[in-house]
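Commentary on secondary and tertiary structure
In case you want the letters, here they are:
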Amino acid sequence: ISTGFAVGYYGKIFRTTNGGNNWNLTILNPSTYLWSVKFLNSNTGYIVGGGTLQNVQGRLYKTTNSGINWDSLNYGNNQNLVGLSVKNNNVVATGYFGFTVKSTDNGINWNILSSGQTNINYNHVGFNDINTGYITGTSGTILKTTNTGSTWNTLNTNINTDLNKTIFINNNIGFTIGNNGTLLKTTNEGSNWNSLNTGTNYILSDIQFVNQQTGYIICNYTAQILPPYYGGKIIKTTNTGATWSEI
């Protein structure tokens, strides 16, 4: 895979076609913060975004030519969008105030889903397969669906910390990251969550595993959106999250 994308503040999209050696910049809308980009295949991809405040217009974009051009989509609302999942023809986006929207026809039509959490901001949504997905949000919130997002059930995390992302490395084992160095692990599909020691009180903003043992977490010192920014670090595990060390 040689083509990749990164999105960020002020409507910026970076695109590489040589494995990251060089990046080309496109600006969609300078007043929009872009939060997530996902591709269905080499040609079709989506971006979600919005503003820095909860009353700023949300954005949803789609490309069908590998990111050369992006079209704005009407998803029936103006709520900020932060999380994005693309599986087959199903696209699910989440955002502020428990807002969740879904398309089953590659973004042509959109339906607003009810998750019952209108006082929670959703930071991430991800699906393990076409049926099973998880939403991660503020105040210790994790929601789970087993019917492609038609209904969502709240999982018990026993914490009130803002959570930023949930991933699964197989059908049973998953991890959730959050603020104040929070890391949760489940070994039974989210039925129970146990806290793990990361050795940091930083904001954990992203997590990826390269196999069942080895994973990485990006840690940010502050959560502020505008400059100046204050450093960060990366921590690594080689034993499925039991211990973590800075690299």
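Preceding this paragraph is the structure being described.
Described in the following lines is the structure provided in the data block. Given the structure is predicted, the values throughout are model-derived calculations rather than measurements.

On to the packing of aromatic side chains. Here the structure, examined in full by the defined rule, presents 14 aromatic pairs. Their ring planes at 85 degrees and their centres at 6.1 Å tell us that Phe 39 and Trp 70 sit as a pair that is edge-to-face. Remark: Trp 70 occurs in the loop between β6 (59-63) and β7 (71-72) and Phe 39 occurs in strand β4 (residues 33-39); sequence separation between them is 31 residues. By relative accessible area, which is 25% here, Phe 39 ends up partly exposed. Overall, Trp 70 belongs to the buried group, its relative accessible area being 11%.

Moving on: the pattern of salt bridges. One pass over the full model with this rule turns up one salt bridge. The salt bridge partner of Lys 165 is Asp 206, with a shortest N-O separation of 2.6 Å. Taken as a pair, Lys 165 in strand β16 (residues 163-168) and Asp 206 in strand β20 (residues 203-209) lie far apart in primary sequence, 41 residues in all. Given the relative accessible area of 27%, Asp 206 is considered partly exposed.

This next bit is on the sheet that holds strand β15 (residues 153-154). The antiparallel open sheet is built from four strands, whose spatial order is β12-β13-β14-β15. The sheet terminates laterally at β12 (122-127) and β15, the two strands that pair on one side only. Examined bridge by bridge, strand β13 (residues 133-137) and strand β14 (residues 141-145) share five bridges and lie antiparallel to one another. Within the sheet, the bridge partner assigned to Gly 133 lies in β14 and is Thr 145.

Residues Phe 175, Leu 183, Ile 207, Phe 209, Ile 217 and Trp 244 are the most contacted members of the largest nonpolar core, which totals 15 residues. Contributing elements (two or more residues each) for this core: β17 (174-178), β20 and β21 (215-220). The residues touching Trp 244, leaving out its near neighbours within four places in the chain, are Leu 183, Asn 197, Thr 198, Ile 207, Phe 209, Gly 215, Tyr 216, Ile 217, Ile 235, Lys 236 and Thr 237. In this structure, Leu 60, Leu 84, Val 86 and Val 101 belong to the second largest nonpolar core, which totals 13 residues.

Parameters and conventions
- The residue count restarts for each chain, going from 1 along the sequence in the order it is written.
- In keeping with the predicted nature of the model, local features appear solely for residues at pLDDT of at least 70, side-chain atom pairs appear and are counted solely at 80 or more, and the whole-chain, interface and lining totals rest on all residues.
- Calculation of side-chain values draws on the structure's entire complement of heavy atoms; hydrogens and water are dropped beforehand.
- Stacked, edge-to-face and tilted labels apply to pairs of Phe, Tyr and Trp rings (six-membered ring for Trp) whose centres lie within 6.5 Å, assigned for plane angles under 30 degrees, over 60, and everything in between, in that order.
- Only DSSP runs of H or I reaching four residues or more are called helices, and only runs of E reaching two or more are called strands; each is numbered from the N terminus.
- Relative accessibility thresholds used throughout: buried, under 20% of the residue-type maximum; exposed, over 50%; partly exposed, between the two (1.4 Å probe, protein chains only).
- Put simply, a salt bridge is a Lys or Arg side-chain nitrogen that is within 4 Å of an Asp or Glu carboxyl oxygen.
- Two strands qualify as a pair provided DSSP detects at least 2 bridges between them.
- Only buried residues count toward a nonpolar core. Its members are Ala, Val, Leu, Ile, Met, Phe, Trp, Tyr and Cys residues joined through side-chain atoms within 4.5 Å.
- We call two residues in contact whenever any of their non-hydrogen atoms come within 4.5 Å of each other.

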